[in-house]
Amino acid sequence: MAEFYAAVTTDAGLALSADLLTGEQMVFTKLVTGSGVYDEQELLRPVLQKAEQIKEPRQQFEFSRIEKETDNCILLKTLISNVNLTEGYRMTEIGIYAKKQGEEGDGILYSLSVAREPDFFPCYNGLAAVEIIEEYYITVSDAACVSLQTSSSAAVLKEDLEKLKAEIQEELNKKIEDLQKQIGNLSDLLTENKGCLVDAINEIATVIRPLVAYRWATDQDIDDIIDEIYVEDPDWVAVIELATDSVIDEIIAGSYVDDHEEECEDVISNEDIDAIIAGTYVDEQEEADDSTNREVDRIINNSFDGKVG
């Protein structure tokens, strides 16, 4: 496994960090790997600080994540892969590039790290890719003022994906919990379709809709329907089913007269039923008929009496 010396911030990187104190914002743009060879003199810190580019750049990668470790230290993560590599190389150097917010291009070499014991990074064999998760720690004067420059093609680390999924799921669970508090527990619904709020509402609507359409269902009727204690008035139903729009208007206005009841005036009344039960009922029609019959008998009898005498 490769081993690298401690990273060195270049003079250009130090100047860029100093700009953060004046309110500037810094953007880390890319990580570049290379195969440059450094002698003992070139490995000295003052020499590395003056570097403006890595010696032999071979590949470059965008960052997948930036994390603030302390007020002055950040962690940059990227995925180094050989998928597009046609020729292997010994990875001896890694450079980090940065720029001011709003500047064009990839900026300056901010930090440089040289390998003490480099590894050979092979080309892609068409079967299995070689990938390295690179974690690069950088010291800046104000870690709160730095960001990453990425595109849609930037690699996303599996661990970062899992972390993002967990954050999204946590937020989703909170929203679901808030929604459940607002709508209540679906299991408390007095309907058959409790699994879906829309189905439950539609089930109630199929009962309420025709009543509302006829314009006579009251708020209490609807409450009774929801509580499953509503009793349908059969007389009203019969009238509603046969009634025309004008009849419905008369019913609502209170001026409706049932023609059928007018034709059946001899229908026994509630008072008649009470009298029958009490044994005091007298049929006025029969009484009138009896009186008429007696009068006829009297007239006939008088007539015969006169003639016989």
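Bear in mind the structure is a predicted one, so any value in this text is a computation, not a measurement.

Caption draft 1: Representation of the overall build of the protein within the structure. Each helix and strand in the protein was counted, giving 10 helices and 10 strands. A total of 309 residues make up the protein; the buried ones form 26% of that total. Nonlocal contacts in the protein, meaning residues at least 24 apart in sequence, comprise 74% of its contacts between residues at least 6 apart. By element, 51% of the accessible surface of the protein is carried by carbon and sulfur atoms, the whole surface being about 20,900 Å².

Caption draft 2: Quick look at the nonpolar core. Ranked by internal contacts, the top residues of the largest apolar core, which has 21 residues, are Met 26, Phe 28, Leu 31, Leu 76, Ile 96, Tyr 110 and Ile 138. Only β3 (26-34), β6 (73-81), β7 (89-100), β8 (108-121) and β9 (131-139) provide two or more residues apiece to this core. Ranked by residue count, the leading element in this core is β7, at five residues. Setting aside residues up to four positions removed in sequence, Ile 138 forms contacts with Phe 28, Asn 72, Cys 73, Ile 74, Leu 76, Ile 96, Tyr 110 and Ser 111. Counting residues in hydrophobic clusters, the runner-up holds 10 residues, among them Val 32, Leu 48, Ala 51 and Tyr 97.

Caption draft 3: Layout of the pattern of salt bridges. As enumerated under the stated definition, the model contains eight salt bridges in all. In this structure, Glu 67 engages Arg 65 in a salt bridge whose closest nitrogen and oxygen atoms are separated by 3.1 Å. Since its relative accessible area comes to 22%, Arg 65 is described here as partly exposed. Through salt bridges with shared partners, a single ionic network connects Arg 65, Glu 67, Lys 77 and Glu 135.

Rules and cut-offs
Residues numbered from 1 in each chain as written. Predicted model: local features only at pLDDT ≥ 70, side-chain atom pairs only at ≥ 80, totals over all residues. Heavy atoms only, no water. Helix = DSSP H or I, 4+ residues; strand = E, 2+ residues; numbered from the N terminus. Buried < 20%, exposed > 50% of the residue type's maximum accessible area, 1.4 Å probe, protein only. Contact = heavy atoms within 4.5 Å. Areas by Shrake-Rupley, 256 points an atom, 1.4 Å probe, with all protein chains shown as cover. Core = buried A, V, L, I, M, F, W, Y, C linked by side-chain atoms within 4.5 Å. Salt bridge = Lys/Arg side-chain N within 4 Å of Asp/Glu carboxyl O.

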